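# Survey of secondary and tertiary structure
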Amino acid sequence: MTRAGFVIANLFRKKTRTILTLLSVIMSFLLFGLLQSVNHIFNAGADFIGATRLVTQARVSFTQPLPLSMKPKLESVPGVARVTHSQWFGGVWQTNTPLFVFALDAQSYHDTYPEWVMPEEQWRQFAQTRTAMVAGRQVADKYGWKIGQKIPISSNIYPQKNGSKAWAFDLVGIFDGKDENWQRQTNQIFINHDYFDEANLFGKGRTNFFVLKLAPGADAAAVTRIVDGMFENSPDETKTQTEKEFNLSFVKQIGDIGLIVRWILFAVFFTLLLVVGNTMAQSVRERVPELAVLKTLGFTDGSVLGFVLAEALALCLVGGLIGLALATLMGNLVEKGSGGQFQLRVDTWVWSVGIATILVMSVAVGLLPALRARRLKIVDALAGR
Amino acid sequence: MSESMVQVRNVTKTYERGKQKVEVLQGLTLEIPKGDFVALMGPSGSGKTTLLNLIGGLDQPTAGEVAVGGKRIDTLSSGELAHWRARNVGFVFQFYNLMPVLTAEGNVELPLLLTRLSGAQRRKNVAVALEVVGLSDRARHKPRELSGGQEQRVAIARALVSDPQLLVCDEPTGDLDRRTADEILGLLQVLNREHGKTIVMVTHDPKAAGFARRTLHLEKGQLLEQAA
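The model shown is predicted, which means the values in this text are computed figures rather than measured ones.

### A word on the overall build of chain B
Scanning chain B from N- to C-terminus turns up seven helices and 10 strands. Expressed as a percentage of the 228 residues in chain B, the buried residues total 50%. Partitioning the intrachain contacts of chain B with sequence separation of at least 6 by distance along the chain shows that 69% fall at a separation of at least 24.

### Notes on helix α14 (residues 348-375) of chain A
Residue and element names in this part refer to chain A. Taking 1.5 Å as the rise per residue, α14 with 28 residues should run 40 Å; its terminal C-alpha atoms sit 39 Å apart, in good agreement. At L367, α14 shows its strongest bend, of approximately 45°, with the proline P369 following within four residues. The complete set of buried residues in α14 reads V350, G354, T357, I358, M361, S362, V365, G366, P369, A370 and A373.

### Side note on the sheet that holds strand β1 (residues 4-17) of chain B
Residue and element names in this part refer to chain B. Strands sit in the order β2-β1-β4-β5 across an open sheet of four strands; the sheet is antiparallel. Of all strands in the sheet, those bounded by a partner on one side alone are β2 (20-33) and β5 (71-72). One ladder, built from two bridges, connects strand β4 (residues 63-68) with β5; its direction is antiparallel. Considered in β5, the bridge of A67 is made with R72.

### Brief notes about the packing of helix α13 (residues 301-337) of chain A against α14 of chain A
All names here are of chain A. Contact pair α13 / α14: the axes reach a minimum separation of 7 Å and the direction vectors enclose 150°. Classified by the interaxial angle, the pair formed by α13 and α14 is roughly antiparallel. Note that α13 runs across α14; the crossing there is right-handed. Of the residues in α14, those touching α13 at D301, V304, L305, V308, L309, E311, A312, L313, C316, L317, G320 and L324 are W351, G354, I358, M361, S362, V365, G366, P369, A370, L371, A373 and R374. In terms of residue class, the contact of α13 with α14 is made up of 17 nonpolar, four polar and three charged.

### Some remarks on the interface of chain B and chain A
Counting residues at the interface gives 21 residues for chain B, matched by 17 residues for chain A. When contributions to the side of chain B that touches chain A are tallied by element, the ones reaching two or more residues are α2 (78-88) and α3 (104-109) of chain B. Sort the elements by how many residues they give to the side of chain B that touches chain A and α2 of chain B lands first, with six residues. Tallied by class, residues from the side of chain B that touches chain A come to 12 nonpolar, six polar and three charged.

### Notes on the environment of Y15 of chain B
Residue and element names in this part refer to chain B. Mapping Y15 onto the fold places it in strand β1. Of the residues examined, Y15 has 14 C-beta atoms within 10 Å and is grouped as partly exposed. As a C-alpha pair, Y15 and T62 span 47 residues in sequence and 8.7 Å in three-dimensional space.

### Regarding the packing of helix α5 (residues 148-160) of chain B against helix α6 (residues 178-195) of chain B
Residues and elements named next belong to chain B. Taken N-terminus to C-terminus, the directions of α5 and α6 make an angle of 15°; their axes are 10 Å apart at the nearest point. Judged by the angle between their axes, α5 and α6 are roughly parallel. In this structure, the crossing between α5 and α6 has a hand that is right-handed. Along its contact with α5, which presents G148, G149, Q152 and I156, the element α6 presents T180, E183, I184 and L187.

### Here's the deal with the confidence of the model for chain B
Averaged over chain B, the pLDDT score is 90; the fraction of residues at 70 or greater is 97%. Here the predicted complex scores 0.69 on pTM and 0.91 on ipTM.

### So, the environment of D228 of chain A
All names here are of chain A. By the secondary structure assignment, D228 is in helix α9 (residues 220-230). For D228, a count of 16 C-beta atoms within 10 Å corresponds to the partly exposed category. Distance from D228 to R59, taken between C-alpha atoms, is 8.9 Å for residues 169 residues apart in sequence. Not counting chain neighbours up to four residues away, the residues in contact with D228 comprise T238, K239 and T240.

### Points about α5 of chain B
Residues and elements named next belong to chain B. With 13 residues, α5 ought to run about 18 Å at 1.5 Å a step, and its terminal C-alpha atoms sit 18 Å apart, in line with that. In terms of residue burial, α5 counts as a mostly covered element, since 11 of its 13 residues are buried. What α5 keeps buried is the set G149, E151, Q152, R153, V154, A155, I156, A157, R158, A159 and L160. Those residues of α5 hidden inside the fold are in contact with β6 (89-92), α3, α4 (119-132), β7 (166-170) and α6.

### Thoughts on the nonpolar core
L40, I55, A157 and V200 of chain B are the most contacted members of the largest nonpolar core, which totals 112 residues. Of the residues forming this core, the biggest block, 12 residues, is contributed by α13 of chain A. A157 of chain B has contacts with V108, A129, L130, V132, V133 and L135 of chain B, leaving out every residue within four places of it along the chain. Counting 30 residues, the second-largest nonpolar core is a separate cluster that includes L99, F126, M133 and L171 of chain A.

### Some points on the pairing of strand β8 (residues 198-202) of chain B
All names here are of chain B. Most of β8 is tucked away: five of the five residues are buried. Burial along β8 is two-sided: the residues T198, V200 and V202 and I199 and M201 are all buried. Pairing of strand β3 (residues 37-41) with β8, which is carried by four bridges, proceeds in the parallel orientation. Residue pairing in the sheet places A39 in a bridge with M201 of β8. The sheet contact formed by β7 and β8 spans five bridges and is parallel. Looking across to β8, one finds that L167 is bridged to I199. Of the crossover connections in this fold, the one passing from β7 over α6 to the parallel β8 is right-handed.

### With respect to the pairing of strand β8 (residues 150-155) of chain A
All names here are of chain A. Sheet analysis places strand β4 (residues 91-93) next to β8, joined by three bridges and oriented antiparallel. Each residue of the ladder has a partner; that of G91, found in β8, is S155. The pairing of β8 with strand β9 (residues 166-177) spans five bridges and is antiparallel. The residue bridging S154 from the neighbouring strand is A166, located in β9.

### Here we look at unusual backbone geometry
Trans is the common state for peptide bonds, and a negative phi is the common state for residues other than glycine. Residues and elements named next belong to chain B. Unlike most non-glycine residues, N10 shows phi in positive territory, near 50°. Its place among the elements puts N10 in strand β1. Its identity is not glycine, yet Y96 carries a phi of approximately 70°, on the positive side. Among the secondary structure elements, Y96 is positioned in the loop between β6 and α3.

About the criteria used
- Residues numbered from 1 in each chain as written.
- Chains lettered and ligands numbered in written order.
- Predicted model: local features only at pLDDT ≥ 70, side-chain atom pairs only at ≥ 80, totals over all residues.
- Helix = DSSP H or I, 4+ residues; strand = E, 2+ residues; numbered from the N terminus.
- Buried ≥ 20, exposed ≤ 12 C-beta atoms within 10 Å, placed from the backbone.
- Contact = placed C-beta atoms within 7 Å.
- Expected span 1.5 Å × (residues − 1).
- Bend = angle between axes of the 7 residues up to and from the residue.
- Pairing = 2+ DSSP bridges.
- Axes fitted to C-alpha atoms, helices over the stretch in contact; angles between N-to-C directions.
- Parallel < 35°, antiparallel > 145°, perpendicular 65-115°, else oblique.
- Left-handed = near helix turned anticlockwise from the far one by under 90°.
- Nonpolar A, V, L, I, M, F, W, Y, C, P; charged D, E, K, R; others polar.
- pLDDT = per-residue confidence, 0-100.
- Core = buried A, V, L, I, M, F, W, Y, C linked by C-beta atoms within 7 Å.
- Right-handed = clockwise from strand over helix to strand, strands pointing away.

Here is the structure:
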């Protein structure tokens, strides 16, 4: 027998209670793993994009479009190599499946985003066919689209001039990403801005945001200052930021996912704290005489405190690791099941935070009972006082 | 048997019960030689268990000196006392106080976790201790699978396994029938006579006291007499 063996034996003195507590720890960390990975998804998009591009949007909100007439002015800013623009279309597939559809200028977008990989012939077709669209590999595979098909897509924002929100586009190309990170983003669809601008009922000559490709060695901060200074006090004041900042602010339009996740996890772990804390407190209360015997045999106050903390750690560690492992497994299943559209990745970062949480939780639930065990007076405990 | 194992000098022990102070031992002096087997008798509240706790280093006197094996233990800190107990004294309780989650051999091995012995050496010592108390065939049984007498034998093996010179026993047969009690007392006698252990035993039972070499009577915290 070892000290670890003694701790484990004590942990399972009431098997049903321990298993139920263990299950609650497992469920909590399963939830933790999945929610943290959801949280991570929203930040991950921004992580890999460098500061080689800036995004200019209306100062108030990117939902307020900017005039396309700004483009030559933006192109004239020192340090800007290329300017493209992009407009949110609000695409819907069939009855109610949202699509990420952007109306853009094919050539300048291709020049600005070399990360999208597609045969040059298809880029040419895209630029030359007014009703053309190109789809990312993921979305094309998901819906079984083939080049040459006419794809009906509705817009939940923009009707055509005839009042119909049903649009149709000719699929002329399927693009991929240059690496794994970009390949994960191929759930987008691009259509021609010229066609969209001409056919839609509202707002001519405007776009949601411009993307400025910086020249090599350009000072991104200086370009930002110049651009925003150029349109200061105009009817279309701008806010220019790096792509990373832009993506984060885009996510925050949906809601503060991080805050929501934190609150859910706070509720989960607070409940867990009470459940496991109660189990530990009850376990120590039940065996006061046994703890006194340990001290009688020569185990120090510190050793007895250590035994109780070790039990709390073992309980949280076993439950936590199983929960995180299940979350990893489920994340992989969800990712495979969704064809890579929903990437629930319980990665090293989530595991690291999870293990840190396990350690904090162990101390939080074990410390009070452990201190009680440490303070036990042998004579009083043996006498049942 | 002339060398002293336990020396208690002018010991006073006072407990505070709420606002009331209860003086349990009043200037008690006692000497127990090495290899002795002493029975402590007396009515409830006379201070028997308190004296036993002081000798075993489970409690500290309010005043006076307690020395065991020539070492003053009344001046030791809580941590030092714990280390001292692990090396020098074995305890046997009325209700055995075994760990229900461990087997007999696990219970006996428990004090050895405080030593630097290897796992193999620990298992060897455990086997010897269980053999001494005649329970080798019950090594893998948990306490609930043993009779009261067998449980007490395991407790004695646990007290013996680290080879202390002093055994303190608090009513070791108080929860046993006569026949089993006599077996346990006979075992203690063997440990005293053949293994040279010094034993201090608290008991209410005159027949149990009859197994000791001598009996000390306490009343109202004072030693009354010594009976051979």
